[in-house]
2 protein chains.
Amino acid sequence: MNALECIRIKRDGGTLPSQDLRDLVLAYTRGEVPDYQISAFLMAAFLNGMADSETETLVDAMLRSGEVLDLSAIPGAKVDKHSTGGVGDKISLILAPLVACLGVNVPMISGRGLGHSGGTLDKLESIPGFRTDLTLDRMKAQLADLKVAMIGQTAEIAPADKKLYALRDVTATVEFIPFIAASIMSKKLAEGLDGLVLDVKVGAGAFMKTPETARELAEALVIVGERRGCRTVALMTAMDEPLGNAVGNWLEVAESLDVLNGEGPDDVRELSCVLAGEMLAMGGAASSPEKGAEMAAEALYDGRAMACFRRLVAAQGGDLRSLDDPWSRPGLEVRAEIAAPAAGIVQSIDGFRLGVACVQMGAGRAQKEDDVDAFAGLTLNKKVGDPVGEGETLARLHGSDPSRVAEQTREVEAAFGIGSAAPEPGTLIRGRFAEGGWTGT
Amino acid sequence: MNALECIRIKRDGGTLPSQDLRDLVLAYTRGEVPDYQISAFLMAAFLNGMADSETETLVDAMLRSGEVLDLSAIPGAKVDKHSTGGVGDKISLILAPLVACLGVNVPMISGRGLGHSGGTLDKLESIPGFRTDLTLDRMKAQLADLKVAMIGQTAEIAPADKKLYALRDVTATVEFIPFIAASIMSKKLAEGLDGLVLDVKVGAGAFMKTPETARELAEALVIVGERRGCRTVALMTAMDEPLGNAVGNWLEVAESLDVLNGEGPDDVRELSCVLAGEMLAMGGAASSPEKGAEMAAEALYDGRAMACFRRLVAAQGGDLRSLDDPWSRPGLEVRAEIAAPAAGIVQSIDGFRLGVACVQMGAGRAQKEDDVDAFAGLTLNKKVGDPVGEGETLARLHGSDPSRVAEQTREVEAAFGIGSAAPEPGTLIRGRFAEGGWTGT
């Protein structure tokens, strides 16, 4: 493998021999090829495209750059979900115990908040004492015991992805579907899964703003998964206004607890059940995704999912008492209320703008090293389609630093569009892609 | 200026604001922008193209990254020539004293051998004692005195080019006309010239293999020069077989001395006179390029050019005695003779192949740090169109290391194509591009 020759081939629109691409990725991970050659390669691939075979090779090399979990000693199917990221997306917190309590293993490895969207790890760590840094051995032991573990990416999993992602971030080569697909799938496939459900978000609050790009990503992800023998299904789901009413780390834990109590917002509950249905069908615990969704709704209603979540929290060091009355936890005072400037019907809520405002309040990071504030965020009193009177509360803002919260009130107010017409009701699930093609679009 | 935003604009096919491109180049030169961002930028520009305004800005930023010579204290026009590089191209050695002896200043800054082609500096340094590392102050003093100085690129001239060229070389972004034009013109325009003649080589022994790419480069170079107020003309000239009969450092000095004595190969003398004619016309010493070429032929014939060359060599520390019988200089023994494998007419001589063979014999560098051998190289006994008998000598090989020479005999033989038909006679000057457009093509 000659790095310069690899760059030249991509520059000239050619397809790299598999072995060369694999060697290039592994040599880069070992520090034997400099950043400046890889960044030229990334840009050439970004502009000239990658063949499906190259994407597959890239995934394979990235996942083999580190440890690949062997979960064969644990009986039963292992299934996970990945979301491409949105605002108010707390589904993983509900989904992992919900699927596990119905008999399918969920070895979930999650990330931190990225850009305007939150991260499952940050949410879990807002539970006092909760540890996400389990070793892979301890994770396996817990999985064998509880059928569920939720941890952060370790240095052993796909180190090539970590290095490539950091370089893409500073060379304007992030927004390229083969790279996005390789980054997601190399980490997920390293979990040693039998099945994977992908929640590809589309809309103003998502990374994929248009149905076209979301569809393209969904297809790339499923093709990569299936070719590697992992049953893979992608749902394309709405991410215009935030999912549910809560945005922020602890606020989303609190809303998840509501759903695990059989309550909470309809959209969060519906999406949790639909995704759980897919995972249960994949894992052989349900005869179909639809049947699985019904089973999931029951397990939310009768407390089995909540019991599993509490076992999970206890096993990973979290303080169970904090879960009992989550909306009254000290620190969660309301710092500001956003009043409607005029009466009307809520036409739109800009999820991206709210996501950025929450990051500014402290719910996310401006720099990788920043701490996040467990309490920063907001709750929506009104969602799209709701009527609102002049001066009525649209949202409540929270956060440990009142001045950071105060700075965002204008942004939050500006995220609401209020008008006189009743908006078209949107659908939550916008399509499903599996090996057979698209359905439900 | 935000480097990431600059990359994004080029990635998306946009045109960079001048100030941002200028700031990017200067920040990179100061080490404030990392290689990996610039290499992504270079690849994006390579694949998406550069607007003429961007090429101009790039040239301007690169030349302003270092010192720009102020030769205004020296009376008279300052004119130089640049060749894009070929095999056996010793024209600069003849041209600089030839133009200077006719009254026009030639402040020539040259490079070393690159790839398969030789470099003027390496040739000059094969003269015992000759120094090419004059300071800019000493160069100016010599120019005022002799109207000619021939030096190497100093660290003060266009340091951005040095850094960018090194990066392009390892990221497959060399062969891109706006970058090539910017690299050439930033160095030449930093000489503070009134006029510049470009010898754009085309053919198998040149970097530009096709007339189309050579024309494109010629046009880019002239446009950049003229826009900056430097009178610029480009000649497109043949580089299939080597120029003249000698290839190698001292061998080319010896052939240049023949031409300065009013003798030597016709093609070398013709090209020297044509280029000198352009420079003399630009410098106001001749009423037209044609008239200038006639003046140059006389100055070669009557010894004025040779006298000027000897003054130049003496001023820069060279040993004049070495110039007296150059073909008999100790060390220049013939190491091998290449015999024609069959009788016929020489159809073609592959200049690129011969150039590479000479580098291998020691005339050039495989690595930047390598020393060059003054004596390595070859002389052609036959050129394209010459009849040859079986066993007759085609070329003689020289070099300090007999084993390195012996390794190349097969390559040199293989560079000759011998057949029965008389080849079409080629023209040396293939076209001339100036502000008014192309003539003579």
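Since this is a predicted model, take the numbers as computed values, not measurements.

On to the overall build of chain A. The helix and strand inventory of chain A stands at 17 helices and 14 strands. For chain A, whose C-alpha radius of gyration is 22 Å, the value lies close to the compact-globule estimate of 22 Å for 441 residues. Along the first, second and third principal axes, the C-alpha set of chain A runs to 65 × 45 × 40 Å. The proportion of buried residues among the 441 residues of chain A is 56%. The contacts of chain A with a sequence gap of at least 6 include a subset with a gap of at least 24, amounting to 78%. Here chain A displays about 16700 Å² of accessible surface, and carbon together with sulfur accounts for 49% of that area. A distance of 3 Å separates the average location of the 44 positive side-chain charges in chain A from that of its 63 negative side-chain charges.

Bringing the domain arrangement of chain A into the picture now. Residue and element names in this part refer to chain A. When cut into domains, chain A gives domain 1 (3–49), domain 2 (79–324 + 429–439) and domain 3 (332–419). If you average the C-alpha positions of domain 2 and of domain 3, the two centres end up 24 Å apart. Listed per partner, the contact involves 23 residues of domain 2 and 24 residues of domain 3. Counting the surface domain 2 buries against domain 3, the share from its top three residues, Glu-241, Asn-245 and Leu-251, is 31%. Connecting domain 2 to domain 3 are 2 salt bridges. The shortest N-O distance in the salt bridge between Asp-267 and Lys-383 comes to 3.0 Å. Those elements giving two or more residues to the side of domain 2 that touches domain 3 turn out to be strand S6 (246–248) and helix H11 (249–260). Looking at the side of domain 2 that touches domain 3 residue by residue, the classes come out as 8 nonpolar, 9 polar and 6 charged.

Here we take up the packing of aromatic side chains. The relation between two aromatic rings is expressed through the spacing of the ring centres and the mutual angle of the planes. Tallied over the entire structure, the rule returns 6 aromatic pairs over all chains. Relative to B:Trp438, the ring of B:Phe433 lies with its centre 5.2 Å away and its plane at 45 degrees, an arrangement referred to as tilted. Looking at B:Trp438, the relative accessible area reads 19%, which means it is buried. Members of the aromatic cluster, joined through ring pairs, are A:Phe46, A:Phe176 and A:Phe179. Across the ring face of A:Tyr28, the terminal group of A:Lys163 is positioned such that the distance to the ring centre comes to 4.5 Å. Its end group placed over the ring of B:Trp438, B:Arg215 keeps NZ or CZ at 4.6 Å from the ring centre.

To continue, consider the pattern of salt bridges. Taken as a whole and assessed by the stated rule, the structure comprises 64 salt bridges over all chains. Taking the shortest distance from any N to any O, the salt bridge between A:Arg112 and A:Asp122 comes out at 3.0 Å. On the criterion of sequence distance, the pair formed by A:Arg112 in the loop between strand S2 (106–110) and helix H6 (120–124) and A:Asp122 in helix H6 is long-range, its members being 10 residues apart. The salt bridge partner of A:Glu278 is A:Arg432, with a shortest N-O separation of 2.6 Å. Placement of the pair is A:Glu278 in helix H12 (residues 266–282) and A:Arg432 in strand S13 (residues 429–434), with a sequence separation of 154 residues. Assessed through its relative accessible area of 5%, A:Glu278 is described here as buried. Residues joined by salt bridges that share partners form a network here, namely A:Glu5, A:Arg8, A:Arg11, A:Asp12 and B:Glu175.

Listed by partner, the interface residues are 20 residues for chain A and 20 residues for chain B. Summing both sides of the interface, chain A and chain B together bury roughly 1700 Å²; the carbon and sulfur share of this comes to 69%. For chain A, the biggest contributors to the area lost against chain B are A:Arg11, A:Tyr36 and A:Leu47; these three give 34% of the whole. A salt bridge links A:Arg8 to B:Glu175, with the nearest nitrogen and oxygen atoms 3.3 Å apart. Broken down by secondary-structure element, the contributors of at least two residues to the side of chain A that touches chain B are helix H1 (3–11), helix H3 (35–48) and helix H8 (159–169) of chain A. With 10 residues, H3(A) is the largest single contributor of residues to the side of chain A that touches chain B. Partitioned by chemical class, the residues of the side of chain A that touches chain B number 11 nonpolar, 4 polar and 5 charged.

Expressed as a screw transformation, the operator carrying chain A onto chain B has a rotation angle of 179 degrees and an axial translation of 0.1 Å, and the superposed copies differ by an RMSD of 0.1 Å. Taken together, the rotation and translation describe the operation of a two-fold axis. Minimal C-alpha separation from the rotation axis in chain A is found for A:Tyr36, amounting to 1.8 Å. A share of 100% of the interface residues of chain A reappears at the interface of chain B, consistent with the copies meeting face to face through the same patch.

Residue and element names in this part refer to chain B. Most of strand S3 (residues 148–152) is tucked away: 5 of the 5 residues are buried. Here strand S2 (residues 106–110) runs beside S3; their pairing, made up of 5 bridges, is parallel. The residue bridging Ile-109 from the neighbouring strand is Ile-151, located in S3.

Turning our eyes to something else, we now look at the confidence of the model for chain A. Close reading of the predicted structure is inappropriate where its pLDDT is low. Mean pLDDT over chain A works out to 95, with 100% of the residues at or above the 70 mark. The complex prediction reports pTM at 0.86, with the ipTM value standing at 0.85.

Another aspect to go through is the sheet that holds strand S8 (residues 344–349) of chain A. All names here are of chain A. Spatial strand order, S10-S8-S12: 3 strands in an open sheet with antiparallel pairing. The strands lining the two open edges of the sheet, one partner per strand, are strand S10 (387–388) and strand S12 (416–419). Taken together, the 4 bridges between S8 and S12 define a ladder with antiparallel strand orientation. Residue pairing across strands places Ile-345 opposite Gly-419, the latter belonging to S12.

All names here are of chain B. If you trace the backbone, Gln-408 turns up in the loop between helix H16 (402–406) and helix H17 (409–414). Judged by relative accessible area, which is 8%, Gln-408 ranks as buried. Beyond its immediate chain neighbours, meaning those up to four positions away, Gln-408 contacts Ala-357, Gln-360 and Met-361.

Residues apart from glycine generally show negative phi values, whereas peptide bonds are mostly found in trans. One non-glycine residue, A:Lys147, lies in positive phi territory at about 70 degrees. As for its position among the elements, A:Lys147 is in the loop between helix H7 (136–146) and strand S3 (148–152). Looking at A:Lys147, the relative accessible area reads 28%, which means it is partly exposed. With phi around 60 degrees, B:Ala172 is a residue other than glycine that occupies positive phi space. Structurally, the position occupied by B:Ala172 is in the loop between helix H8 (159–169) and helix H9 (177–189).

Quick look at helix H12 (residues 266–282) of chain B now. All names here are of chain B. With 17 residues, H12 should cover 24 Å at 1.5 Å per step; its first-to-last C-alpha distance of 24 Å lies within 8% of that length. With respect to burial, H12 is a largely interior element, 12 of its 17 residues being buried. Buried within H12 we find Asp-267, Val-268, Leu-271, Ser-272, Cys-273, Leu-275, Ala-276, Gly-277, Glu-278, Met-279, Leu-280 and Met-282.

Right, let's talk about the sheet that holds strand S14 (residues 437–439) of chain A for a bit. Residues and elements named next belong to chain A. If you walk across this open sheet you meet the 5 strands as S1-S4-S5-S13-S14, and the pairing is mixed. Strands with a single pairing partner mark the edges of an open sheet, and in this sheet they are strand S1 (79–83) and S14. Neighbour-to-neighbour, the strand axes of the sheet open up by a mean angle of 20 degrees, direction not taken into account. Note: S13 against S14, 3 bridges, orientation antiparallel. Each bridged residue has a counterpart across the sheet, and for Phe-433 the counterpart in S14 is Trp-438.

Residue and element names in this part refer to chain B. You can see Ile-9 is positioned in helix H1 (residues 3–11). Along the primary structure Ile-9 and Phe-41 are separated by 32 residues, whereas in three dimensions their C-alpha atoms are 9.3 Å apart. Ile-9 has contacts with Gly-14, Thr-15, Leu-16 and Pro-17, leaving out every residue within four places of it along the chain.

A separate point is the nonpolar core. With 136 residues, the main nonpolar core has A:Met185 and B:Met185 as its most contacted residues. If near-sequence neighbours (up to four positions away) are discounted, B:Met185 is found in contact with B:Val59, B:Ala190, B:Leu196, B:Leu198, B:Leu221, B:Val224, B:Gly225 and B:Thr232.

Cut-offs used in this document
- By convention here, each chain's residues receive numbers from 1 onward along its written sequence.
- Chain letters and ligand numbers both follow the written order, the letters beginning at A and the numbers at 1.
- At least 70 in pLDDT is required for a residue's local features to be given in this predicted model, at least 80 for side-chain atom pairs to be given and counted, and no such filter applies to totals for whole chains, interfaces and linings, which use all residues.
- Side-chain numbers here rest on the full set of heavy atoms in the structure, without hydrogens or water.
- In this description a helix means any DSSP run of H or I spanning at least four residues, a strand means any run of E spanning at least two, and both kinds are numbered starting from the N terminus.
- It is over C-alpha atoms that the radius of gyration is taken, and the globule rule equals 2.2 Å times the number of residues to the power 0.38.
- Whether a residue is buried, partly exposed or exposed follows from its accessible area with a 1.4 Å probe, protein chains only, as a fraction of its type maximum: under 20%, in between, or over 50%, in that order.
- Residues are treated as being in contact if the distance between any of their heavy atoms lies within 4.5 Å.
- Note that accessible areas follow from Shrake-Rupley with a 1.4 Å probe, and for residues the cover is restricted to the protein chains shown.
- Residues scored as positive are Lys and Arg, those scored as negative are Asp and Glu, and His as well as the terminal groups of each chain are ignored.
- Throughout, a charge is located at the NZ atom of Lys, the CZ atom of Arg, the CG atom of Asp or the CD atom of Glu.
- Boundaries between domains were set according to an automatic or database domain assignment.
- We define buried area as the total accessible area lost by two parts upon association, computed with a 1.4 Å probe and summed across both.
- Every case where a carboxyl oxygen of Asp or Glu lies within 4 Å of a side-chain nitrogen of Lys or Arg is listed as a salt bridge.
- Under the convention adopted here, Pro, Cys and the residues Ala, Val, Leu, Ile, Met, Phe, Trp and Tyr are nonpolar, Asp, Glu, Lys and Arg are charged, and Gly plus all remaining residues are polar.
- Note on aromatic contacts: the rings of Phe and Tyr and the six-membered ring of Trp form a pair at centre separations within 6.5 Å, being stacked when their planes are under 30 degrees apart, edge-to-face when over 60 apart, and tilted otherwise.
- For a lysine, the NZ atom is tested; for an arginine, the CZ atom; a charge sits over a ring if that atom is within 6 Å of the ring centre and within 35 degrees of the ring normal.
- Least squares is the method used to superpose the copies, on C-alpha atoms of residues holding a pLDDT of at least 70 in both.
- Only when DSSP finds a minimum of two bridges between them are two strands counted as paired.
- Scored from 0 to 100, pLDDT reflects the predictor's confidence in each residue.
- Here the expected length of a helix is defined as 1.5 Å per residue gap, with one fewer gap than residues.
- To get an axis, a line is fitted to the C-alpha atoms, and for a helix only the part in contact is used. The angle between two axes follows their N-to-C directions and goes from 0 to 180 degrees.
- Side-chain atoms within 4.5 Å link the members of a nonpolar core, which is a set of buried Ala, Val, Leu, Ile, Met, Phe, Trp, Tyr and Cys residues.

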